Amino acid sequence: MYSILPAFVSALFLGFGVYVLLTEGVTRLSLPFASMCGTTFVWQGTWAFLFQTSDPELAGALVKFGYLFILFLPTTFYHFVIEVAGRRSERPLLFASYGLCIVLAMALAVSDEVVAGYGTFYFGKYPRAGLLHPVHVAQTVLLALRSAWLLLVARRQTEAHDRRKLLDLCLLSLCLYGLAATDYAVNYGIGFYPVGAVFIAVSLGILAVTIVRYGLMRPYLLAATVAHEVATPLAAIGMHAEEIGNVLPELMRGYQLAVQHQLCVDGLYPGQSERLSSLASSIQRQVDSTSTVVEMSLASFTLDRLDRRSFEAYSIRSCVNAALERFPFRPGERELVNVWPIDAQLQFSGSDSLVVFVLFNLLKNALFAIHSGGSGSVEIAATSEGGYCVLRFSDSGPGIGADVLPHIFEPFYSTKSHGKGAGMGLAFCRRVAEALGGAIACESEPNVATTFTLHLPEPGSAADRALRDPAARPRRWPAGQDYMG
C-alpha cells in the first residue's frame, strides 16, 4: 500500500509534462519544466517498485537508478526559474550546477559515496546517505535560495500586475518545493514515511497551471515569430527596391529616347516620370520604417527581461549619430535637425539599441508636429548633470496643450488621427528610460518649443550602482518627480 502514493505521483508528473508541452509547445521555459516532470516521474516510479521489492540486488539497483534523477531535480528547477526571471547571466552558474550533477552521478554509478545502499523501514526500503550526499543537500539548499532571490528581484523590478502575480505563484511553488527536502532526513536514518513527493506534486502542479494560465513565453514567442515572418519579406522588398533604383534610371533614359525618336507613344502622365525616379527610395524608406517598428515591438517585450548587471557604457553621441543615419527621413527632413556639439566622452550605462529606438520615436513625433504646424526645426543636445547623461530633444513645432501634456506617456493615448499613431511611442520611451534606471520628462510651450529631457545614469554613478544592486534600488521614481537632476 505504501507504493500507491509514489506510483500515483509518478503518473501525475507524466501528465504535467505532457500537458505543458502540448499546450505551450517546446520553448526555453517548457523544456526545463518538462525536465522537472520527467525526473520526478522516473524517481517516483522507481520508488514505487523499491518500496515493495524483497530482492536485495534489485533494491540496490533501484536505489541508484532512482537517485540518479533526484540529483538533477534541483538544477532543473533552478533552470526553470532562470527562464522565468529572464536572467541569462545565471547561465555559467547553471552549467556549473549541471556539471556537479554529472560528477555526483558518476560517483553514484561507480561507488557508494553518494548513496551507501539502503535502509529498511516500516514502509519499505529507502536510500541511505553516503559521504558525498551532503554535497547534494548543500547544492539543493543553495539553488533553492538562489531561485528565491531571483524571483524576488524580478518581482521587485516589474510593475505589471499579471507578471507580479505570476512571480508570486512561482515563489509559492518554490516554498512548497522546499518542504520536500524533509525527505533527506530519511536518508540519514530517521524513520518516517517520505511525503516530499506530495509537496513537489502540488508545487509543479501550480507551475503547470501558471505556465498555461499566464502564457509565460507566449508574448515573447509571438513577437519573435511576427518579427521573423515580417522581417523576411521586408528584406526581400528592400533588395527589390534597391535593384529597381539601380536599373530605373537607365530604363527611363531609354524610354525617353524612344519617345523622342517616335518609336513609342509617351503614355506617362505629366510629372509621372519624375515621381518614378524617387520610387525606389520611397519604398526603401517605408521598409526601413516598418523594420524599425518591428524591432521596437520585439524590444518592448524584452524590457522586463533585461539583465541590468550586464549593462555597458555607450557614447550618447554615437547613439544620436546612429539614429540620424538610420532614420527614414523624407526629402528635406534631415536638414531640419540640428545637433549641438556633444562630448565624445559623455557616456551612459545601458543599451545603445534601446536609446536609438527612443530617438527614433522622438524624431518621428517632432517631424510630425513640424509638418502639422507648417514649419519648425529640431535641436538635440546632451550634457552631464549630477551623475546623469542628460539628452535634451527640442522641436519648435506647434507644441503640446496643457490638457494633453500630463497624458502623453500613457499607453494608447494619442492625439493623432486614426492610422497616424497608436499612442505607444512615448509609452515605450518611458519604459526604456525606467528600465535603464533613468527617466524622461516633457515641457512644452505652445507655438514656442517642446522639449523632451532624457536622464540616463552615467557609468559608475550612484544611480548606475543602485541599478546593478537590486536591493538598493527603489521600485519607482518618487511621486511627482519625473526625473532626478
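This text follows the structure it describes.
This section reports on the structure supplied with the text.

Here is what the cut-offs are and how they apply
- Residue positions are counted from 1 within each chain, in the order its sequence is given.
- This being a predicted model, a pLDDT of at least 70 is required before a residue's local features are given, and a value of 80 or more before pairs of side-chain atoms are given or counted; all residues contribute to the totals for chains, interfaces and linings.
- The basis for the side-chain values is all heavy atoms of the structure; hydrogens and waters are excluded.
- For the purposes of this section, nonpolar cores are sets of buried Ala, Val, Leu, Ile, Met, Phe, Trp, Tyr and Cys residues that join through side-chain atoms within 4.5 Å.
- Think of it in three bands: residues with accessible area under 20% of the maximum for their type are buried, residues over 50% are exposed, and the middle band is partly exposed, with areas taken using a 1.4 Å probe on protein chains only.
- Each helix is a run of DSSP H or I of at least 4 residues and each strand a run of E of at least 2, with the numbering of both proceeding from the N terminus.
- With a 1 Å grid laid over protein atoms only, a set of points is called a cavity when a 1.4 Å probe fits there but cannot get out and a pocket when it is open yet has protein on both sides within 12 Å along at least five of seven lines; lining residues have an atom within 4 Å of a point.
- Grid points are joined across faces, edges and corners, and a volume is the space filled by probe spheres set on the points.
- Residues are grouped as follows: Ala, Val, Leu, Ile, Met, Phe, Trp, Tyr, Cys and Pro are nonpolar; Asp, Glu, Lys and Arg are charged; every other residue, Gly included, is polar.
- Patch building starts from residues that exceed 30% relative accessible area and form no salt bridge, then joins like charges within 9 Å and nonpolar side chains (Val, Leu, Ile, Met, Phe, Trp, Tyr) within 5 Å.
- Where accessible areas are quoted, they stem from the Shrake-Rupley method and a 1.4 Å probe; at the residue level, only the protein chains shown are allowed to cover.
- Take a side-chain nitrogen of Lys or Arg and a carboxyl oxygen of Asp or Glu: if they are within 4 Å of each other, that pair is a salt bridge.
- Note on pairing: two strands pair once DSSP finds at least 2 bridges between them.
- Throughout, an axis means a line fitted to C-alpha atoms (over the contacting stretch in the case of helices), and angles, computed between N-to-C directions, take values from 0 to 180 degrees.
- Residue contacts are defined here by distance: any two heavy atoms, one from each residue, within 4.5 Å place the two residues in contact.

Most often, soluble globular proteins have nonpolar side chains that are buried together. Core analysis: the largest hydrophobic core is formed by 48 residues, its most contacted members being Trp 47, Tyr 67, Phe 80 and Leu 151. It is helix α4 (residues 73–85) that provides the largest number of residues to this core, a total of eight residues. With 46 residues, the next largest nonpolar core counts Val 358, Leu 359, Ala 366 and Ile 380 among its residues.

Volume-wise, the second largest pocket comes out at about 360 Å³. No other element matches helix α6 (residues 133–157), which puts five residues into the lining of the second largest pocket. Tallied by class, the residues present in the lining of the second largest pocket amount to 17 nonpolar, four polar and one charged.

Let us now look at a nonpolar patch on the surface. A grouping of Leu 100, Val 103, Leu 132 and Val 135 is seen on the molecular surface, where their side chains present a nonpolar patch of about 270 Å² in accessible area. Here Leu 100 lies in helix α5 (residues 91–110).

Taken in spatial order, the five strands make up an open sheet running β4-β6-β7-β9-β8, and their pairing is mixed. Each of the sheet's edge strands pairs with one partner strand only, and the pair in question is β4 (337–339) and β8 (439–445). Strand-to-strand twist of the sheet, defined as the mean angle between neighbouring strand axes without regard to direction, takes the value 20°. In this sheet, strand β7 (residues 388–395) lies alongside strand β6 (residues 378–385) in antiparallel orientation, the contact comprising eight bridges. Bridge assignment links Val 378 to a residue of β7, and that residue is Asp 395. Against the sheet, helix α15 (residues 425–435) engages β8 and β9 (449–457), with an angle of about 135° to β8.

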